[in-house]
Amino acid sequence: MGLLRNAVDAALELPVAPSFTRLGYDARARLDHWRPVDSYDLSGRVVLLTGGTSGLGHAAARQLAACGAAVTLLGRDLGRTRAAWEDVARSTGNEQGGVLVADMADLVQVRAAAEEFAADHDRLDVLVHNAGALTADRRTAPDGTEATVAAQVLGPFLMTSLLLPRLRSARPGRVLTMSSGGMYGAALTVERLEMRADYNGTEQYARAKRAQVVLNEMWAERVDPAEVVFHSLHPGWADTPGVRESLPTFRKVVGPLLRSPDQGADTLVWLAADDEPLGSTGRFWHDRRARSTHRLPTTRRSDTPELRQRLWDWCARTAGAPVPGTPTP
């Protein structure tokens, strides 16, 4: 039976469309007999989730709170973030957790939010990096970095480093990064990570997502998995406000095959709740299975130890992050 499940999974994974749509989700949920996410008891667990005002982040926050976790939502706008948290509390009956305000592209605000959270909590079980958007026009963060890179690479890198002591207190803590299948088409780059005159929102997003996945692996090399595990994932194609606003043509074409936000958030919640992800670190997941981070030879060739180290050093220097510098044996 295991061979059959693996064969079906591989057949779904090879062509992108069946794997990323709700067809892949439905088939894998049945074949692998997924445990429903609402069956987990997360009472006593502390979760900090960025980008939880809508879409996948809001769905994940609601599911985690329904399981009993104390979920703190971090967002850019106080009104929207508070409204989202109140919706989670009202729909689940769980009023634990709270709200933090910070723009993940603003490193000063990220630092202040991390310090505020650490002052109020002696442990952090799950840190979820979910904030991010695909924008058509080039924007600049307060420190001068391109805003997509600042919000999705530097901000999470800094927040992880600052909250590492609280994550270690959970033993093990979990750091989960919501990436995108779009990163499969992007090579690893440092010099061209920030697009300038050649700016293209979709390509910039993909480059940032590739960097996220690489940094996830590098964090895992540097932190004892008995203390903190690191995993990244992609949700497939889900019908979210971000897709509706940024990719309207794509949404029109794919239409009813898009996953619901709850389906897109399923693997994220599973990674936060289940024991299986504690048995490994630094992996990339889709539909509750670890996946390769490369589909193209060009991206594989770009992923060299030297370029990885340059990315790590650039993030640490630019973000001013106190980070472990040497991989664990």
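Residues numbered from 1 in each chain as written. Predicted model: local features only at pLDDT ≥ 70, side-chain atom pairs only at ≥ 80, totals over all residues. Heavy atoms only, no water.

1. Some words on the packing of helix H4 (residues 55–66) against helix H5 (residues 78–92)
Stated precisely, the cut-off is as follows: Axis geometry follows a simple rule: fit a line to the C-alpha atoms, using only the stretch in contact for helices, then measure angles between N-to-C directions, giving values from 0 to 180 degrees. In DSSP terms, a helix is any run of H or I states spanning at least four residues, a strand is any run of E spanning at least two, and both are numbered starting from the N terminus. Oblique is the label for every angle not falling under 35 degrees (roughly parallel), over 145 degrees (roughly antiparallel), or within 65 to 115 degrees (roughly perpendicular). Handedness of a crossing is defined here by the sense of rotation of the near helix relative to the far one, left-handed for an anticlockwise turn of less than a right angle and right-handed for a clockwise turn. In what follows, residue pairs with any heavy atoms lying within 4.5 Å of each other are defined as contacts. Any residue that is not Ala, Val, Leu, Ile, Met, Phe, Trp, Tyr, Cys, Pro, Asp, Glu, Lys or Arg is counted as polar, Gly included; the first ten are nonpolar and the last four charged.
Following both chains from N to C, one finds H4 and H5 inclined at 40 degrees, their axes separated by 9 Å at the closest point. With respect to their mutual orientation, H4 and H5 come out oblique. Pair H4 / H5 crosses with right-handed handedness. Where H4 approaches H5, its residues His58, Ala61, Arg62, Ala65 and Ala66 are matched on the opposing element by Ala84, Asp87, Val88, Ser91 and Thr92. Taken together, the residues of the contact of H4 with H5 break down into five nonpolar, three polar and two charged.

2. Quick notes on the packing of aromatic side chains
Quick note on the threshold: The aromatic pairing rule takes the rings of Phe, Tyr and Trp, using the six-membered ring of Trp, and pairs them if the centres are within 6.5 Å, calling planes under 30 degrees apart stacked, those over 60 edge-to-face and the rest tilted. Three labels apply to residues, based on accessible area from a 1.4 Å probe with only protein chains included: buried if under 20% of the type maximum, exposed if over 50%, partly exposed otherwise in between. Whether a charge sits over a ring depends on NZ of Lys or CZ of Arg being within 6 Å of the ring centre and within 35 degrees of the ring normal.
Counted according to the given criterion, the structure contains eight aromatic pairs. When the centroid spacing of 5.7 Å and the interplanar angle of 10 degrees are considered together, the rings of Trp219 and Phe230 count as stacked. Here Trp219 is found in helix H8 (residues 201–222), whereas its partner Phe230 is found in strand E6 (residues 228–233), with eleven residues between them in sequence. Here the two residues Trp219 and Phe230 agree in accessibility, since each one is buried. On the numbers, 5.4 Å between centres and 65 degrees between planes, the contact of Trp270 with Trp285 is edge-to-face. A residue pair is termed long-range when its members are at least 10 positions apart, and Trp270 in helix H11 (residues 261–273) and Trp285 in strand E7 (residues 283–286) qualify at 15 residues. In this structure Trp270 comes out as buried when scored by relative accessible area, which is 4%. Three or more aromatic residues joined by ring pairs form one cluster here, namely Phe157, Trp219, Phe230 and Trp312. Positioned over the ring face of Tyr40 is Arg35, at 3.9 Å from the centre of the ring. Above the plane of the ring of Trp312 lies Arg222, whose end atom (NZ or CZ) is 4.4 Å from the centre.

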